[in-house]
Amino acid sequence: MRDSVARSSTQDAILDATDILLGKYGYKKMTIDDLAREVGIGKGTIYLHFVSKEEIALSHIDRIVERLKGRLETIISSPATAAERLRRMMVERVTFRFDSVQHYTRSLNELLSQLRAKLLERRTRHFAEEAHLFVRVIEEGIKCGEFRKRPPASETARTLILATNSLLPYNLSPAELGERAAIKARTEAIAEMLITGLNRRDDQRIDEGVKKK
């Protein structure tokens, strides 16, 4: 157990250093020697935990998303309505990423351009994992009658993810994204519009309209 904890601590230290050096140099100029100096360990120790600089950078992105998913799980477990939880989840997935890379001067795509193919593959998986968390709340909302039944929960979750992806720091640098308060406000506006469309009353209005005809 002690060895496992020590290993995890060293890995986190390496990823913390990666975060600092990506912001300072970018991926291309960052070296394993730089990382070893930043952490205060030997270069060989880094290779005991990661096989390459590429794996380190991608693991850094993975860690951000794993932490985000933990925060989304906390929101899911909260005693709020399904609509309020979805709203908070959409805001969280944007603002947490923003907070995680706000010290970068360039977008993640630019910083990790040499890893584009693998970054896109990782991103697809991350978005699918987040969508799965959204599905759980949407299905709860449908079950309790808060949300309408169509379209399917999986399709709705994908729409919520895609709608807020434009505000993520992949294609835009923090400077281009603007202030955090503005990012949060834009996300909340999008969330409000989308959640209104999920409201079960919309189905009732449609059914009433059909009956009148």
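Read on for a plain summary of the structure. Source: prediction; values computed, not measured. Every chain's residues receive numbers from 1 upward, in the order its sequence appears when written. For a predicted model such as this one, the threshold for reporting local features is a pLDDT of at least 70, and the threshold for listing and counting side-chain atom pairs is 80 or more; totals across whole chains, interfaces and linings nevertheless cover every residue. No hydrogens and no water enter the side-chain calculation; it runs on all heavy atoms of the structure.

**A look at the nonpolar core**
Then, number 1: Here, nonpolar core refers to any group of buried Ala, Val, Leu, Ile, Met, Phe, Trp, Tyr and Cys residues whose side-chain atoms link them within 4.5 Å. The buried label goes to any residue with under 20% of its type's maximum accessible area, the exposed label to any with over 50%, and the partly exposed label to all in between, with areas taken from a 1.4 Å probe on protein chains only. One finds Leu-35, Ile-56, Leu-86, Met-89, Leu-112 and Phe-134 to be the most contacted residues of the largest nonpolar core, which totals 58 residues.
Then, number 2: The set of elements that each furnish at least two residues to this core consists of helix 1 (2-24), helix 2 (32-39), helix 4 (53-76), helix 5 (82-101), helix 6 (108-111), helix 7 (116-143), helix 8 (153-165) and helix 10 (180-198).
Then, number 3: Aside from chain neighbours lying at most four places away, what touches Ile-56 is Ile-14, Leu-15, Thr-18, Ile-32, Leu-35, Ile-46 and Phe-50. Every helix listed is a DSSP run of H or I at least four residues long, and every strand listed is a run of E at least two residues long, numbered separately from the N terminus. Note on contacts: a residue pair qualifies if any of its non-hydrogen atoms lie within 4.5 Å across the two residues.

**Considering helix 8**
Then, number 1: For helix 8, spanning 13 residues, the distance from its first C-alpha to its last is 18 Å, which sits close to the expected 18 Å at 1.5 Å a residue.
Then, number 2: Along helix 8, the residues that are buried comprise Ala-153, Thr-156, Ala-157, Leu-160, Ile-161, Thr-164 and Asn-165.
Then, number 3: Looking at the packing, one finds that the buried side of helix 8 touches helix 5, helix 7 and helix 10. Given the number of residues in a helix, its expected span is that number minus one, multiplied by 1.5 Å.

**As for the pattern of salt bridges**
Then, number 1: Just to be clear on terms, a salt bridge is a Lys or Arg side-chain nitrogen sitting within 4 Å of an Asp or Glu carboxyl oxygen. The full count for this structure, using the stated rule, is 18 salt bridges.
Then, number 2: A salt bridge links Asp-62 to Arg-125; the shortest N-O distance between them is 3.6 Å. One end of the pair, Asp-62, is in helix 4; the other, Arg-125, is in helix 7, with 63 residues separating them in the sequence.
Then, number 3: The buried category is assigned to Asp-62, whose relative accessible area is 17%.

**Things to note about the packing of aromatic side chains**
Then, number 1: Two rings belonging to Phe, Tyr or Trp (six-membered ring only in the last case) form a pair when the distance between their centres is within 6.5 Å. Interplanar angles under 30 degrees mark stacking, angles over 60 mark edge-to-face geometry, and anything in between is tilted. For the structure shown, the criterion picks out one aromatic pair.
Then, number 2: Ring geometry for Phe-127 against Tyr-170: centres 6.2 Å apart, planes inclined by 75°, an arrangement best described as edge-to-face. With Phe-127 in helix 7 and Tyr-170 in the loop between helix 8 and helix 9 (174-177), this pair connects stretches of sequence that are 43 residues apart.
Then, number 3: Since its relative accessible area comes to 15%, Phe-127 is described here as buried.
Then, number 4: Above the face of the Tyr-27 ring, Lys-53 is positioned so that its terminal group lies 4.3 Å from the ring centre. A positively charged side chain is recorded as over a ring if its NZ (Lys) or CZ (Arg) lies within 6 Å of the ring centre. The angle to the ring normal must also be within 35 degrees.

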